[in-house]
Amino acid sequence: MNTINGNHLIELGFRPSKWFNEAIQHINENQLTESEMKIYLEQFRSPDPIPLHAEPKDFIINIRPEHENEIDNVEKVINTMKVLMKTPPLISGAIMPDACPTGPEGQIPVGGVVVAKNAIHPGFHSADICCSVMLTDFGKADPKEVLDAAHSITHFGYGGRPRGEQMPMSQELMDAFRENFFLNDEKLISIARSHMGTQGDGNHFLFVGTSKNTGNTMMVTHHGSRAPGAALYDKGMKVANRFRMEISPETLKENAWIPYETEEGQSYWEALQLIRAWTKENHEAIHNAVLEKLHTEKQNRYWNEHNFVFKDGDLFYHAKGATPLDDKFMPDITGPRLIPLNMAEPVLIVQGKTNERNLGFAPHGAGRNFSRTQHKKSLAHKTIEEVFAEETAGLDIRFFTNDIDISELPTAYKSAKNVRAQIEEYGLCEVLDEVMPYGCIMAGDVQKNAPWKRKKKFRK
């Protein structure tokens, strides 16, 4: 038999795959006859592609428009869920009162929860893996002193901390990264070290307020896994799409999945847990440094992610902006859960159980009715300073870059009052306490004086 190559295998009906080189080498080295080759290749023949569900799997709708501005938003969320729920591994889902679209039709909305059988979908947690919130109770500390100390310690914006200002990443975690297929990359580990103690930009914040129940001062941080999580997401999507092309090419690219029972699925699940541990350590680094600067000890602390994948047997709950309530989802339970609304509203401290409407989840905040750009256009008749003064009256609101980002002010978000009303209406969770706002730090308009823009200006 003549020497064969990949084209011969394609002519036999096989799609190019990672096993091609090994198979071609085996066939040529053993000089298999045509009949022997066909018998040998049968082990690599893929089963028929997995089709989309003919009809969307059922999902629970825990949202309704409260006014005209929300009608289009809610319709888009429901329509995109109908497309999404045709994805083969999905068996059920739910949308929360703070839901809003994130991209093309069929892409999981913020405020969406979907349950997949034996499958992990990287696109459902996106690049901001393990976006989460942590609360530390500072007792009777002065809120201004806590906010001032936090402002001197935290770090918002692009990239990591400069040399000399970096916070240590635990050796145990670095060693665990090196043992994982997806995270064993010295450049990624170096980035993870430099990003420790940073919060990024967008809707991430550091919030200080007082407990409605006790009067104690509490600090809440909100951020995800930064660049390490984004790097894992990129790798995960590439692997998921490789599987998609082999087993379900009809599935939308953003909804591709990694089968959990594969070696890649096991490694990706482990990587997610390590990124979760990194993110928790990142929160703790900031909180502990503020406590140390104030020479005080924490009274209490708890945290929860609201953008992650949770496992229960062979079911994988993908929460894209939804707060886990059921204890089975969190291996390190330390207290109730947190739902931030906006900088001018309380952070809700909640608890709840799985019921027929929530799948074990609650909202994660107050989503958007409009894009950032649309929101800015709607306020174009006012100056940025006027908008800021109106929306932050009585509060100590700071932007790390000193450039006001009006797309993060309260009116950029859904009505907190309506979200709370629908939480109660649909019986999603119970509010135990509220952290009444004193002040907040956010990144600010990071585009205005971005490093690359300054360099370009300097060249002129």
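The notes below deal with the structure included here.

Cut-offs and rules
Residues numbered from 1 in each chain as written. Predicted model: local features only at pLDDT ≥ 70, side-chain atom pairs only at ≥ 80, totals over all residues. Heavy atoms only, no water. Helix = DSSP H or I, 4+ residues; strand = E, 2+ residues; numbered from the N terminus. Buried < 20%, exposed > 50% of the residue type's maximum accessible area, 1.4 Å probe, protein only. Contact = heavy atoms within 4.5 Å. Areas by Shrake-Rupley, 256 points an atom, 1.4 Å probe, with all protein chains shown as cover. Lys, Arg positive; Asp, Glu negative; His and termini not counted. Charge placed at Lys NZ, Arg CZ, Asp CG, Glu CD. Axes fitted to C-alpha atoms, helices over the stretch in contact; angles between N-to-C directions. Parallel < 35°, antiparallel > 145°, perpendicular 65-115°, else oblique. Left-handed = near helix turned anticlockwise from the far one by under 90°. Salt bridge = Lys/Arg side-chain N within 4 Å of Asp/Glu carboxyl O. Phe/Tyr/Trp six-rings, centres within 6.5 Å; stacked < 30°, edge-to-face > 60°. Lys NZ or Arg CZ within 6 Å of the ring centre and 35° of its normal. Nonpolar A, V, L, I, M, F, W, Y, C, P; charged D, E, K, R; others polar. Polar contact = N/O pair within 3.5 Å; in protein donor to acceptor, adjacent residues only side chain to side chain. Pairing = 2+ DSSP bridges. Disulfide = S-S within 2.5 Å.

## So, the overall build of the protein chain
- From N to C terminus, the protein chain includes 14 helices and 16 strands.
- Counting every position in the protein chain, which comprises 460 residues, the buried fraction comes to 54%.
- At a minimum sequence separation of 6, the contacts of the protein chain that also span at least 24 residues come to 76%.
- Accessible surface for the protein chain amounts to roughly 21,200 Å². Of this, 49% is attributable to carbon and sulfur atoms.
- Where the 52 positive side-chain charges of the protein chain centre and where its 62 negative ones centre are 6 Å apart.

## Here's the deal with the packing of helix α2 (residues 20-29) against helix α3 (residues 34-41)
- Axis separation between α2 and α3 bottoms out at 11 Å; the angle between their running directions is 150°. As summarised for this structure, α2 and α3 are arranged roughly antiparallel, according to the angle between their axes. Crossing geometry of α2 relative to α3 is assigned as right-handed. Between α2, through E22, A23, H26 and I27, and α3, the contact on the second element is made entirely by M37, Y40 and L41.

## What about the pattern of salt bridges?
- Applying the stated criterion across every chain, the model contains 21 salt bridges.
- In this structure, E434 and R420 form a salt bridge, with 3.1 Å as the shortest nitrogen-oxygen distance. With a gap of 14 residues between them, E434 in strand β16 (residues 430-442) and R420 in helix α13 (residues 416-425) connect regions that are remote in the sequence.
- Residue R420 is classed as partly exposed on the basis of its relative accessible area, which comes to 26%.
- Linked by salt bridges that have partners in common, K144, D148, D396 and R398 make up one network.

## What to know about the packing of aromatic side chains
- Applying the stated criterion across every chain yields a total of 17 aromatic pairs.
- Ring geometry for Y260 and F316: centres 4.9 Å apart, planes at 55°, overall tilted. You can see Y260 sitting in the loop between β8 (258-259) and α10 (263-293) and its partner F316 sitting in strand β10 (residues 315-320), a full 56 residues away along the chain.
- You can call Y260 buried: its relative accessible area is 16%.
- Seen from their ring centres, F388 and F399 are 6.2 Å apart, and the 55° between their planes marks the pair as tilted. On the criterion of sequence distance, the pair formed by F388 in helix α12 (residues 384-391) and F399 in strand β15 (residues 396-399) is long-range, its members being eleven residues apart. Assigned by exposure class, F388 and F399 land together as buried.
- Through successive ring pairs, a cluster of aromatic residues spans F14, W19, F20, Y40 and F44.
- When the ring centre of Y413 is taken as origin, the NZ or CZ atom of R368, which lies over that ring, is 4.5 Å away.

## A look at the packing of helix α9 (residues 226-247) against α10
- Closest axis-to-axis distance for the α9/α10 pair is 10 Å, and the angle between their directions is 165°. With respect to each other, α9 and α10 are oriented roughly antiparallel. Both α9 and α10 take part in a crossing whose hand is left-handed. Counted together, R226, P228, G229, L232, Y233, G236, V239, R242 and F243 of α9 and E264, Y268, A271, L272, I275, W278 and N282 of α10 form the full contact between these two elements.
- Class assignment of the residues belonging to the contact of α9 with α10 gives a composition of ten nonpolar, three polar and three charged.

## Regarding the environment of L294
- Topologically, L294 is positioned in the loop between α10 and β9 (300-312).
- Along the primary structure L294 and E66 are separated by 228 residues, whereas in three dimensions their C-alpha atoms are 44 Å apart.
- Aside from chain neighbours lying at most four places away, what touches L294 is F138, E145, V146 and A149.

## What to know about the side chain of H204
- Position of H204 among the secondary structure elements: in the loop between α8 (186-195) and β6 (205-211).
- Separated by 3.0 Å, the side chains of H204 and D128 make a polar contact.
- Only 3.0 Å separates the side chain of H204 from the backbone oxygen of Q199, close enough to count as a polar contact.
- Apart from the residues lying within four places of it in its own chain, the contact partners of H204 are D128, C131, F156, Q199, H222, H223, G224, I441, M442 and A443.

## A look at unusual backbone geometry
- Even without glycine at this site, C130 takes up a positive phi of about 65°.
- Within the fold, C130 resides in the loop between α5 (122-125) and β5 (131-137).
- Although it is not a glycine, N402 sits at a positive phi angle of roughly 70°.
- Within the secondary structure layout, N402 lies in the loop between β15 and α13.
- Take N402: its relative accessible area is 69%, and that puts it in the exposed class.

## Notes on the pairing of β5
- Of all seven residues that make up β5, seven are buried, and the element is covered over most of its length.
- Burial along β5 is two-sided: the residues C131, V133, L135 and D137 and S132, M134 and T136 are all buried.
- Judged from the six bridges that link them, β5 and strand β7 (residues 217-223) form a sheet pairing that is antiparallel. Looking across to β7, one finds that S132 is bridged to H223.

## Some details on α8
- Among the residues of α8, L188, I189, A192, S194 and H195 are the ones counted as buried.
- Backbone nitrogen of K187 and a side-chain oxygen of the N-cap are separated by 2.8 Å at the start of α8; the cap is D185.

## Considerations on the state of the cysteines
- Within the structure shown, the criterion is met by zero disulfides.
- This cysteine, C100, is not joined by any disulfide, and C131 carries the nearest cysteine sulfur, 13 Å off.
- When its relative accessible area of 8% is taken as the criterion, C100 is described as buried.
- Here C130 is not disulfide-linked; the sulfur of C131 is the nearest cysteine sulfur, at 8.3 Å.
- Accessibility expressed as a relative area gives 0% for C130, which makes it buried.

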